[in-house]
Amino acid sequence: LLVEATPQPLQRVFLADSGSVSVEVAIKMALQYWRAQGVEGRSRLLTVRGGYHGDTFGAMGVCDPVHGMHAEMFGGVLAKHLFAPRPAPRFGEACGEEDVAGLRSLLAQHSHEVAALILEPIVQGAGGMHFYSAEYLRRVRQLCDEHNVLLILDCIATGFGRTGALFACDHAAISPDIMCVGKALTGGYMTLGATLATDEVAEGASGGEGAERPVPLMHGPTFMANPLACRVASASVQLLLDSPWQSRVGAIAQQLEAELRPLASSPAVRGVRVLGAIGVVEMEEPLHLPSVQALLVRRGVWLRPFGRMLYTMPPFVVSEAELRRITGGMRAVVEATESALLEKGARLESEVWRESQSHAG
């Protein structure tokens, strides 16, 4: 079922425990691929800043090394990988040669030691809800081909229709060598992830077809591919594919755009962006999470803001009324933040006025 749903070149599936573990498997697969080919030295990964790939050790190593959630606590002990600048062109914008210059330069200098390039396609999630150009992703694929580097796409957050395409890489009409999926794979009911690969990578990681001493992929957790999780995943994916998910996601996108876009005029808001069933309100300042959560819960809404990001990724079966309640909660947060800014400004103006009067006296 996964092979049928994902881009055609991906013909092999390795089932893992979770999305983060699927990233670990992808990293191992890339490293083992080169070693099995007798190529030494390809032991580093290349990625872009602003990314997030999970909380397990290998995955943490390719999260943003400065602003990522693990950087302060674990930065000194993680593997040292290579980081290109965050993709600059936004979704829907053109991507010029200058936009991939940093990535091209790193590949030119380090391709002999890079096993794979890993990134989230189109949407960088926990690294800042950044939506970038599909053309940038096409150029990434071209650069990997030019420098003989494997491409890993982390579709854990963006897979199964979330961005309006079944998989985010479909926006760029490209396919990776290795793909990671999770989250919506089971509809959130059970923990399960999967790492998909091309025949070339899967066979190559074992030494190639007809190898005298084939090597299995060195990963075998106890509960991988457990029957219950696989049955849930099969039902969840089939339910999605049999549903009118495209029209549902399109309707969600239209409503998010209509109800969130007006918030962009608030002085408390830096920007609003919508892609598929993802709606983001980026605030000017970091949110006070306990206050925000309390306000949302009072309105019957549960969201997980972080930093300056107030966002929603609703289920595709959300009703128009339910989504309006969610966006209404987001609007209430913006209005409360705006009021606090105005009160703060008024207090500041009052203090400046009093200070000027004291000096005048």
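Look a little higher up for the structure.
Residues numbered from 1 in each chain as written. Predicted model: local features only at pLDDT ≥ 70, side-chain atom pairs only at ≥ 80, totals over all residues. Heavy atoms only, no water.

(A) Representation of the sheet that holds strand 4 (residues 114-119). If you walk across this open sheet you meet the seven strands as 1-9-8-7-4-2-3, and the pairing is mixed. One side of each edge strand has no neighbouring strand; the edge strands of this open sheet are strand 1 (10-16) and strand 3 (82-84). Ignoring strand direction, the axes of neighbouring strands in this sheet form an average angle of 20 degrees. Here three bridges tie strand 2 (residues 44-48) to strand 3, and the two strands are oriented parallel to one another. Across the sheet, Val48 pairs through a bridge with Ala84, a residue of strand 3. (Pairing = 2+ DSSP bridges. Helix = DSSP H or I, 4+ residues; strand = E, 2+ residues; numbered from the N terminus. Axes fitted to C-alpha atoms, helices over the stretch in contact; angles between N-to-C directions.)

(B) Looking closely at unusual backbone geometry. Despite not being glycine, Asn148 shows a phi value in the positive range, around 55 degrees. With phi around 55 degrees, Ala173 is a residue other than glycine that occupies positive phi space. Inspection of the secondary structure puts Ala173 in the loop between strand 7 (150-154) and strand 8 (178-181).

(C) How the structure looks around the pairing of strand 4. In terms of residue burial, strand 4 counts as a mostly covered element, since six of its six residues are buried. In this structure, strand 2 lies alongside strand 4, joined through three bridges in parallel fashion. Each bridged residue has a counterpart across the sheet, and for Arg44 the counterpart in strand 4 is Val114. (Buried < 20%, exposed > 50% of the residue type's maximum accessible area, 1.4 Å probe, protein only.)

(D) Just the state of the cysteines, in detail. Tallied over the full model, the rule gives zero disulfides. Residue Cys144 stays outside any disulfide, its sulfur separated by 13 Å from that of Cys169, the closest cysteine. For Cys144, a relative accessible area of 1% corresponds to the buried category. Cys180 forms no disulfide, and the closest cysteine sulfur to it belongs to Cys155, at a distance of 8.0 Å. (Disulfide = S-S within 2.5 Å.)

(E) Molecular detail of the environment of Leu137. Take Leu137: it is sitting in helix 6 (residues 134-146). Sequence separation between Leu137 and Ile122 is 15 residues, and the spatial gap between their C-alpha atoms is 7.3 Å. Other than its neighbours up to four places away in sequence, Leu137 contacts Leu119, Pro121, Ile122, Tyr132, Leu153, Cys169, Ala172 and Ile174. (Contact = heavy atoms within 4.5 Å.)

(F) View of the pattern of salt bridges. In this structure the tally under the stated criterion is 16 salt bridges. Two residues, Arg141 and Asp177, come together in a salt bridge whose shortest N-O distance is 3.1 Å. Here the residue Arg141 occupies a position in helix 6, and Asp177 occupies one in the loop between strand 7 and strand 8, the gap between them amounting to 36 residues. Side by side, Arg141 and Asp177 carry an identical accessibility label, which is buried. (Salt bridge = Lys/Arg side-chain N within 4 Å of Asp/Glu carboxyl O.)

(G) Region of interest: helix 2 (residues 19-36). When the terminal C-alpha atoms of helix 2 are compared, their 25 Å separation across 18 residues agrees well with the 26 Å that a helix rising 1.5 Å per residue should span. Across the 18 residues that make up helix 2, a large majority, 14, are buried. (Expected span 1.5 Å × (residues − 1).)

That's the geometry; what it means functionally is another story.
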